[in-house]
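Chain and residue survey
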Amino acid sequence: MRVVVLAGGLGGSRLARALAESIDPAGLTIVGNVGDDVEILGLHVSPDLDTILYTLTGRLDETKGWGRAGETWNALETVAELGGESWFRLGDLDLGVHLVRTEALRRGEPLSAVTDRIARAFGLEPALLPATDERVRTWLATPAGELPFQEWFVARRHRDEVDGVRFEGAEAARPAPGVLEALEAADLIAIAPSNPFVSIGPILAVAGIREALERRTVPAVAVSPLIGGEAVRGPAARMLARLGGGTGPEQVTDRYKGLIDALVIDEADADEAAGIRTIVTRTLMEDAEGRQRVAEAVLESAAALR
Ligand code: GDP
Ligand code: CA
């Protein structure tokens, strides 16, 4: 069974882990968002790729939902003491990854290659690919002006309402090596319950990826990030309300028009219109049972659609 999953950070890594636990992980390819990537203290940080890497190799701080378990903050304390840039939380363990990645990128190694090297070294079994090796950056139009993703999300704690999203560089960006090959070889394409605007949006903004989904010959299934009209974490519901006109399954389906054949939704949203074939289950993936339930719903829906 070959599965490709499009993934952001928290929701992305949860579904990726669920699938990796339910099929032969060697058959899984995870295509990660790089629109959140940011240069901090001269280092290239790829937060969504790292959340996936940490989650699937048992290194994630499960309570925070980002960063490394057992993290310490000595380096950042020194940075703060010296008046350096310390608003973006980089722990000591995490910094090691950013050092290796940044050094490789400066030498000219593509992001996909260094990501693969780090993934193998950490013992990740599925393939983890950035959507693109090229620079794509997410910008948010807000009443306070246009903000780069991490300034909006981390520095301002996504308190600003979002009136529009733009993916700088996406138009010219080509899919990273292996992405189209994986999509073409897949038996099933899954879209994680990641934020449709700022996590899946930048992946689908890479024209080659969107086109590969449009011309797919295999089932594509998305998992809704909503449970009872609310996001499990983060601004997805607020963004769906303001940019999509509501917080039901239908607004999620609207984001993926022509790209999916079914939507996995939570029992709490089962009474709402979805505008597409739905599979209803409990979609919270906070434990092994939850992950298994959602992975099964995705895999079974694909079998039914084939
Ligand atoms: P980020 O990059 O870390 O911000 O994370 P993502 O965009 O990948 O995921 C954030 C979205 O995942 C939020 O909208 C959540 O509602 C959704 N999410 C997180 N965990 C779960 C879960 O266990 N089940 C479902 N259905 N959605 C989840
Ligand atoms: Ca993210």
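Residues numbered from 1 in each chain as written. Chains lettered and ligands numbered in written order. Predicted model: local features only at pLDDT ≥ 70, side-chain atom pairs only at ≥ 80, totals over all residues. Heavy atoms only, no water.

**What about the overall build of the chain?**
- Per the secondary structure count, the chain includes 12 helices and 14 strands.
- Taken over C-alpha atoms, the radius of gyration comes to 18 Å for the chain, in line with the 19 Å a tight globule of 306 residues would show.
- Along the longest, intermediate and shortest principal axes, the C-alpha atoms of the chain span 55 × 45 × 40 Å.
- Taking contacts inside the chain between residues at least 6 apart in sequence as the whole, the part at least 24 apart equals 67%.
- Of the accessible surface of the chain, which amounts to about 12800 Å², a share of 49% is contributed by carbon and sulfur atoms.
- Charged side chains of the chain number 32 positive and 47 negative; the gap between the two group centres comes to 2 Å. (Helix = DSSP H or I, 4+ residues; strand = E, 2+ residues; numbered from the N terminus. Rg over C-alpha atoms; globule rule 2.2 N^0.38 Å. Contact = heavy atoms within 4.5 Å. Areas by Shrake-Rupley, 256 points an atom, 1.4 Å probe, with all protein chains shown as cover. Lys, Arg positive; Asp, Glu negative; His and termini not counted. Charge placed at Lys NZ, Arg CZ, Asp CG, Glu CD.)

**A short note on the site of ligand 1**
- Close to ligand 1 lie 20 residues, the nearest being P193, S194, S199, P225 and M285.
- P193 places a polar main-chain atom, nitrogen or oxygen, 2.7 Å from an oxygen atom of ligand 1.
- A distance of 3.0 Å separates a nitrogen atom of ligand 1 from a polar atom in the backbone of S224.
- Protein contact buries 92% of the 590 Å² of open area that ligand 1 shows by itself.
- Examining the composition of the shell around ligand 1, we find that four residues originate from one element, helix α1 (residues 10-22), more than from any other. (Near = heavy atom within 4 Å. Polar contact = N/O pair within 3.5 Å; in protein donor to acceptor, adjacent residues only side chain to side chain.)

**Describing the packing of aromatic side chains**
- What the rule picks out here adds up to six aromatic pairs.
- A ring pair is formed by Y54 and F122, whose centres lie 6.5 Å apart and whose planes are at 45°; its orientation type is tilted. Of the two residues, Y54 sits in helix α2 (residues 47-56) while F122 sits in helix α5 (residues 111-122), which places them 68 residues apart along the sequence.
- In this structure Y54 comes out as buried when scored by relative accessible area, which is 1%.
- Geometrically, the ring pair formed by F149 and F153 is stacked, given 5.2 Å between the ring centres and 15° between the ring planes. (Phe/Tyr/Trp six-rings, centres within 6.5 Å; stacked < 30°, edge-to-face > 60°. Buried < 20%, exposed > 50% of the residue type's maximum accessible area, 1.4 Å probe, protein only.)

**Topic: the pattern of salt bridges**
- In this structure the tally under the stated criterion is 24 salt bridges.
- Of the charged contacts, one joins R17 and E62 as a salt bridge, the two residues approaching to 3.5 Å between their closest N and O atoms. Note that R17 is positioned in helix α1 and E62 in the loop between α2 and α3 (74-81), a separation of 45 residues in sequence.
- Ionic pairing is found between R117 and E109, a salt bridge with its closest N-O pair at 3.0 Å.
- With relative accessibility at 40%, the residue R117 sits in the partly exposed group.
- Three or more residues joined by partner-sharing salt bridges are found here, namely R17, E21, E62 and R291. (Salt bridge = Lys/Arg side-chain N within 4 Å of Asp/Glu carboxyl O.)

**Overview of the coordination of the calcium ion (ligand 2)**
- D36 (OD), D48 (OD) and D48 (OD) make up the full set of protein donors to the calcium ion (ligand 2), lying at 2.0 to 2.6 Å. Pair noted here: D36 is in the loop between β2 (28-32) and β3 (38-40) and D48 is in helix α2, with a separation of 12 residues, a long-range link.
- Classification of D36 by relative accessible area gives buried; the value is 5%. (Donors = N, O, S within 2.8 Å, 3.2 Å for Na, K, Ca; no water.)

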